[in-house]
Amino acid sequence: MANDVIQKSNGSKNFIDIDVDLKAGESEQEIMEYINGVIGTGTTFIRTSGGFHCLVSLKEHLPKGWYQQIQDHN
């Protein structure tokens, strides 16, 4: 019952988690630098076995269109 209540509760969001899976030939460092260049501050990177997660703080001022810019990166 407690887990059901936790999952349904409407808490405040403090972070957005962007999951990045690396393909052959992609540079993890270059992608991290690109994300930092778009967002500026308030990012934390956590390495995973196939790439990394980028936690974006929603308490920071985020530039307009930042999420679309990251999605459009090739």
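Every chain is numbered on its own, with residues counted from 1 as its sequence reads. In view of the model being predicted, local features appear only for residues whose pLDDT reaches at least 70, and side-chain atom pairs are presented and counted only at 80 or more, with totals across whole chains, interfaces and linings using the full set of residues. Note: side-chain values were computed over all heavy atoms of the structure, leaving out hydrogens and water.

1. Some words on the layout of surface pockets
Grid points spaced at 1 Å over the protein atoms alone were grouped into cavities, where a 1.4 Å probe fits but cannot get out, and pockets, open sets with protein on both sides within 12 Å along at least five of seven lines, with lining residues defined by an atom within 4 Å of a point. Grid points are joined across faces, edges and corners, and a volume is the space filled by probe spheres set on the points. Counted as a void, the largest pocket has a volume near 350 Å³. Forming the boundary of the largest pocket are 16 residues, of which Val20, Glu26, Ile31, Ile70 and His73 lie nearest the centre. Under the DSSP-based scheme used, a helix requires at least four consecutive residues in state H or I and a strand at least two consecutive residues in state E, with every element numbered from the N terminus. Listing elements by their share of the lining of the largest pocket, those giving two or more residues are strand S1 (15-21), helix H2 (28-39) and helix H3 (66-72).

2. Overview of the sheet that holds S1
Strands qualify as paired when DSSP identifies two bridges or more between them. Here we have 3 strands laid out as an open sheet, ordered S1-S3-S2, and antiparallel in their pairing. Across the chains shown, the open sheet's two edge strands, defined by having one partner strand only, are S1 and strand S2 (43-48). Sheet twist, expressed as the mean angle between neighbouring strand axes with direction ignored, is 20°. As paired elements, S1 and strand S3 (residues 51-57) share 7 bridges and run antiparallel to each other. Considered in S3, the bridge of Ile16 is made with Val56. Fitted lines through C-alpha atoms give the axes, limited to the stretch in contact for helices. The angle between two N-to-C directions lies from 0 to 180 degrees.

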